[in-house]
Structure formats: C-alpha cells, structure tokens
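Below are the chains, spelled out letter by letter.
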Amino acid sequence: MTITTAVEACSSLPVLSGSAAYEAAVARLREASRTYFGAGYSLMDDATYDRLLVAVKEWEAAHPDSVAETSPTGRVADGAAPAGDVAHTARLLSLDNVFTPGELDSWGASFRRRLGHEPTGGFTVEPKMDGAAVAARYRDGRLVQIITRGDGTQGEDVSHVIGTIEGLPEYLPAPLTFEARGEVLFTQEQFEAANEVRTAHGAAVFANPRNGAAGTLRAKDRPYRLAMTFWAYGAVALDGGAFPPAGAGHAETLAAVERAGVRTTAATPAGLHVVDTLEQARERVDAIAALRAALPFGIDGVVIKADSADEQAAVGVGSRFPYWAIAYKLPAVERQTLLLDVVWEVGRTGVLAPTAILAPVELDGSTVTRATLHNPADILRRDLHIGDTVTVHKAGDIIPRVEAAVVELRPEGAVPVPLPSHCPHCGDEIDRGQERWRCAKGTACALAPLIEYAAGRDVLDIDGLGRKYVDVLVAGGEVRDVADLFTLTEEQLTAASGSAKRGAKLAEQIRLAAARPLSRVFCALGIPGTGRSMSRRIAGHFGTMEAIRGADAAALQEVEGIGPEKAPVIVEQVAALAPVIDKLIAAGVGMTEPRPETAQERADGPLTGTTVVVTGKMTGPLDGWGRSEMGALIERAGGRVGGSVNSRTTYLVAAPSASGKPSSKAVKAAELGVEVLAPEAFAALVADLLD
Ligand code: IVH
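Let me sum up the structure you'll find in this document. (Residues numbered from 1 in each chain as written. Predicted model: local features only at pLDDT ≥ 70, side-chain atom pairs only at ≥ 80, totals over all residues. Heavy atoms only, no water.)

1. Observations concerning empty space enclosed by the protein
Any space left empty among the atoms is revealed by the rolling of a water-sized probe across them.
Argument step 1. On inspection of all chains with the given rule, the structure shows 2 cavities of 30 Å³ or more.
Argument step 2. Considered as a void within the structure, the largest cavity measures approximately 90 Å³ in volume.
Argument step 3. If you tally residues by element for the lining of the largest cavity, the top one is helix 22 (residues 627–636), at 3 residues.
Argument step 4. Across the lining of the largest cavity, the residue classes break down as 3 nonpolar, 4 polar and 3 charged. (1 Å grid on protein atoms, 1.4 Å probe; cavity = no way out; pocket = protein on both sides within 12 Å on 5 of 7 lines; lining within 4 Å. Points joined across faces, edges and corners; volume = space filled by probe spheres on them. Helix = DSSP H or I, 4+ residues; strand = E, 2+ residues; numbered from the N terminus. Nonpolar A, V, L, I, M, F, W, Y, C, P; charged D, E, K, R; others polar.)

Structure below.
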C-alpha cells in the first residue's frame, strides 16, 4: 500500500464519479473481502470498507440497471466467504447497518410500514460483538458440530475448536438439542495470550482479535490451541426439537439459552435490554457506546431487534438480512495506517518510551498521529518495520496503541524499527536490564520532565510552573533537583518566566507548595513505582520522612502493594536521594503527613475501619475515576486503601468481568471470602461523599 492509499482511507465518504469508478470500487471491495476471508488479513480497515460500500450502494440506487453481477451489496459476507459444505438449518443472515440517529428513524419507519401498524412488542438492545459468526449444534446436551456462517446457506465445519471456546461448553447439564448462533472472538486478554503463544511458535502476531478469531476457526492443523470466547445472539431448533420454545421472543430465547448453559450477549457488561420504543433503544445505544472502552472485548456496534416473535415473522427477512433487526454501527476504534517513524522519549524516571509516529488517521472522533509502543521487546515481538501498514486501536480516553503490522502489505526494502544504542536524551549508556530500557543516569537524565511532574497537579501543585519555565530553569542550572525549586528567588523566577508579575506569583505558589503534606513531597522525588496513590500509602503508613528513611525493605513491605521486588528498590532510591531530601528539609518543606480528618470525622465515615482494594475500570457514577481519585474518596470516607487483596481486605471494588473470567484480584477475593462490590454498589455506600 502506498502512502496515498493509506491517507485516502482517512478521508470522508468517497463519491463515485461514473461507471468506471463504480466498477473499480466493486473490484476493490471484492479484493478486500477475498483477502480477508481467504488469506486472513485486511487490505483496508472496516471503516474504509463500510464507506466504500455505502458509496457503491448509493451509486447502485441511482443506476439500478447497471448493478454489476459481482457487486457485494446483495450477498451475505459480500459473497466472498468460503461457503463450505455443511448446509445450515435455516439461513444464517447478516445485518443491515445504520450510522446516525436519522438513519435509525428511517429504519424504524420502514419497520412500521412492513408491519402495517405501530409495533407493540418492544425492542431489544445488545452489543454487536466484533468476531466471527458460527452456529453451534447441540444434540442431547453435547456440542457435536460448529459451523461458520459461510455464504449464509452453507458453512464450513470447524468442529476442531470444540473444547477451546469459553461460553460454549462441550456438555450441557440437560440433554437439549438445538443450535446456538453467535459470535466467536478473542477477549483482549485471550488475544494477548494468543499472540504470546503465536510468537513462541514463530508465527506472526494477529493483526486484531477479529482477524485472529476468523483465522483460528479456519486453521485446522496448528500445533497449539488458542482459547476464544462465544456469545450467543440467537438460537434455532434442530432436528425438529422443541428448544428454544416456539413463539419465544428474542430476550426470552436468549434467557433460555443462558439457562441451558451457553453464554449469551445478555451476560456481557453491556447486557441485553428490552425497551418499548426506538427512542429508548437509542439511549441504550449511547449507554453501550460509553461503556465500550471499558469492555474487555471488541464491539463494532449495537444491535436493535424487534423482540416479539410475531412481529419478527410479520416483517420477515430479505436476501441478506432480517427486516426486524438493525446494527447501529459505532465509530471505528481500530484503523489501519502507516508507521512513519518511531521516536524515543525519556520519561521522568529515565525510562526510554518508544512512540509510533503515524500517518494521521481518524479514530473514535479524533485524529491520531502518535501511539504508544510499550518497550523494545514489544517492538521486536511484533516485528514492526518502518513503512508498515499497522492496525491502531483507540477507544474513549485510552491512549492509542499499535496492535500489529499487516505483514502482507509491507513495502519492499522496509527496515525493522531501529532500537537506540545510547540514551536519546543525554547520550549516556542504556540500562537494558529490564523489559523497559532506561538511561543509566536514571532520574538525573530526565530532570526537566521530573521537575514538571513534581510541580504538577496532585503533586506539589505549583500553579503556573509548566514545562516552558522549567526548561529555562534547568537549562540555566538554577534547578538541578526538585529541592532547588524551594530556594529560587523571585528575581530568578521573574527572569525565567519573563515577567515580574509571573515571578511574584510563582514565588508565592512555591511558598504554598512547601507546606504540602509528606505524600506529595515524597511523590515529587520521582522514585519509580511511587506515583500519587502509592506515595499516599507510604506517607500514611510511616507518617514522617524520618520514618521512611529509617525503613528497611521488610518495613516497606508492610505497605499495601509493596512486594519483595519493589521494597529494596525504594530503600535504595531513598538512600540515593539523601542529599536532595536534606536540602528539602533545610528549605523548610513539609515532612509529615497530617491526618486528613479529625478522629471524630474518620470514626463516622461510611468506610471507617475498612480496607478497600480497587481494580479495573470504574463504571456507573464512578465512570472515568482513576486510581488516585478512588484512593482519595476511600480515605475521605474513613477507609484505608489496599494495594492487593489479602486477609485484611474488607471490600474489593471491581466491575464484573465481561468474559466471565474473573480478574486475579477477584479470584483471590473469592478464595478469601472478601466481599466484591460493583462500582455502582460501592458508589451507593459512599453516596454522601459523592455530591
Ligand atoms: S443478529 C438474524 N446480534 O454481526 C440476525 N448479530 O454484521 C443475525 N453480530 O452476521 C445477526 N453481534 O455475525 C446479531 N448481537 C448480535 C451480534 C451479531 C455480532 C454479527 C453477526 C452478524 C454480523 C452482521
């Protein structure tokens, strides 16, 4: 792929200027489907494919007599999926798409028209799982066959994956005969595990979970097995059996499937909701869209279905999709673009952080030009080359990440991403002892970012002291460590900031910063692994800097979340920072941790006497709350923040796992009988403090 094709992929809806452009678009779509279904990689990302398909449909609507025989528009899987030789019990259909509220209204109007009256049976709303469709046949309670969707009439037998799919058990508790229909995919966790197994076997990493699932279903002779997950979104009777019950609506059918022991879309955190009107359905679409980034698997939309079996039968199905269901597509969270370069930045602790520079691509409402690339081992594992077409993932507020290279599209002569031989910031040696490389000078290398961090929000909070003035102070040699901030004169600050007014304000801010609690001052030292909430725990535990300095590794391990690996590193760093700490003391900076509330207030808090551990993304009223905000909330409520689940833990706050696979903390909590609270339940407990 050339740069122009990748950039073209980012632009808005293409307009087909004439029949030649139409035919070229049809050919491109067919080629994309052919490589996707045949060779297992994507020539273009979904968003680009969808836009081209819409343009083709519009052209065909205006020129109904000139529709190409090869057009993908009228076929299941766009006519490109390998059909296989197993006949489906009933056709396995696809879904029509809408992208806007207006289009959903139009769909609603056509649904009403086909029905001949106002719908009364309600609508179901559930996530559209981004995987591969299969039909799973159970006979007498045993999973006997799994078939891909194929062309909707015939599919491929992929029964070799029986036993590897969570949610699709080999045996059911009751001897039921029926066919579950749903989506097989890798959860994010399974995807990462699968790529590790692939790397260990010398196989290329999967470009994304969906391609991985499709490829894994097809691959019958791999020397390894990869775990995937299934969610049913429908079921049909098999061999004339009576399950699912005839006449059952969609929600009732899925509930019966769930009771039978097969996982359904209702069991995801997005759930299956029944609403009365399409207006309410759209509200659920928004709610699921908001949840999307926190889901442990990929969704590419939300599916709305008429719930009532009678209304479904009354409107019927078309050649490709049912008239009683519609997919509301969500903005792309994964796109393909070009990896133009990799730059290395040195973080506040001296860690070398690689960042991918990308050809601009529109992702979930913003233009992405940079993405994180974790560490050198990760780059090597993904075998990334400069010039590669890469898949990039971004949802909600999460930092964009490069998922993988599309190896098939690698330009000739592309070179692997070069790894630095020396620290890109100061030119010193690199310490390659850990997965994350760091400058041998450690924090001393990255002085400016460290000072910026120390002056930042929730640390010393020196309002107005941003990177610009920090750079001047560091370059001028006035600040050689964080303690130097406290001996800066108003004149020096005036010179650095270029104004007497700003100089005076900064001097006042620094005076205020000297009175911050120990937790903030300790955090400002920039010791690896002691961010805001860990610093609060350490300062809360020891109370004074003197006590911290006197602590050995064993004493430090009494702090929640500090284990045998971290403790000696902190002891060593505190000792190494002795001159800086002495300077801070001499400058009169706060060295004690005041109790945030009086004993009376703490004794009255809703969490008084409890230790609370928080894990994963928060949802409901706490949606978007980070670790440090949650820590502060728990402490305000009189509780203690725990780092790991142990016998002292009172509550674990965790959103339920969508994959059904609990996190390691949730497993530990279950073992120890620790109560697990969903974020919503926890929010209710501390409701008084949330206003
Ligand atoms: S209903 C007869 N529900 O999306 C109705 N499909 O783009 C058929 N999909 O072929 C499908 N999640 O493979 C339905 N909750 C869901 C779904 C879902 C994912 C897939 C399915 C379908 C494709 C259409």
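2. Focus: the site of the ligand
Argument step 1. The environment of the ligand is formed by 16 residues, the closest being Pro127, Lys128, Met129, Arg149 and Glu183.
Argument step 2. Contact distances for the ligand include 3.0 Å between a nitrogen atom and a backbone N or O atom of Pro127.
Argument step 3. Taking Glu183, its side chain carries an N or O atom lying 2.7 Å from an oxygen atom of the ligand.
Argument step 4. At the level of elements, strand 3 (123–129) and strand 11 (299–306) are the ones that each hand at least two residues to the shell around the ligand. (Near = heavy atom within 4 Å. Polar contact = N/O pair within 3.5 Å; in protein donor to acceptor, adjacent residues only side chain to side chain.)

3. What to know about the state of the cysteines
Argument step 1. Within the structure shown, the criterion is met by 0 disulfides.
Argument step 2. With no disulfide partner, Cys423 has as its closest neighbouring cysteine sulfur the one in Cys445, 3.6 Å distant.
Argument step 3. For Cys423, a relative accessible area of 3% translates into the label buried. (Disulfide = S-S within 2.5 Å. Buried < 20%, exposed > 50% of the residue type's maximum accessible area, 1.4 Å probe, protein only.)

4. A short note on the packing of aromatic side chains
Argument step 1. Scanning all chains against the criterion turns up 9 aromatic pairs.
Argument step 2. Between the aromatic rings of Trp107 and Phe123, the centroid separation amounts to 6.4 Å while the plane-to-plane angle is 65 degrees, which identifies the pairing as edge-to-face. Residue Trp107 is found in helix 4 (residues 101–115), and its partner Phe123 is found in strand 3; the two are separated by 16 residues along the sequence. Exposure class is identical for Trp107 and Phe123. Each is buried.
Argument step 3. When the centroid spacing of 4.7 Å and the interplanar angle of 65 degrees are considered together, the rings of Phe178 and Phe243 count as edge-to-face. A residue pair is termed long-range when its members are at least 10 positions apart, and Phe178 in strand 8 (residues 178–185) and Phe243 in the loop between strand 9 (228–237) and helix 7 (250–260) qualify at 65 residues.
Argument step 4. On the basis of relative accessibility, which here comes to 0%, the residue Phe178 falls in the buried class. (Phe/Tyr/Trp six-rings, centres within 6.5 Å; stacked < 30°, edge-to-face > 60°.)

5. Observations regarding unusual backbone geometry
Argument step 1. The amide bond that connects Phe243 to the next residue, Pro244, takes the cis arrangement and shows omega of -5 degrees.
Argument step 2. On the secondary structure map, Pro244 appears in the loop between strand 9 and helix 7.
Argument step 3. The phi dihedral of Asp383 is positive, around 50 degrees, even though this residue is not glycine.
Argument step 4. Examined against the element boundaries, Asp383 turns out to sit in the loop between helix 10 (376–381) and strand 16 (389–393).
Argument step 5. Within the chain, Asp458 stands out as a residue other than glycine whose phi angle is a positive 70 degrees.
Argument step 6. Here Asp458 shows up in the loop between helix 11 (447–455) and helix 12 (467–475).
Argument step 7. For Asp458, a relative accessible area of 34% gives the class partly exposed.

6. Comments concerning the pattern of salt bridges
Argument step 1. Taken as a whole and judged by the stated rule, the model has 33 salt bridges.
Argument step 2. One salt bridge connects Lys583 with Asp481, and the closest N-O pair in it is separated by 2.7 Å. Highlighted residues: Lys583 in helix 20 (residues 578–586) and Asp481 in the loop between helix 12 and helix 13 (490–497), separated in sequence by 102 residues.
Argument step 3. A single salt-bridge network, built from bridges that share partners, covers Asp50, Lys128, Asp300 and Lys329. (Salt bridge = Lys/Arg side-chain N within 4 Å of Asp/Glu carboxyl O.)

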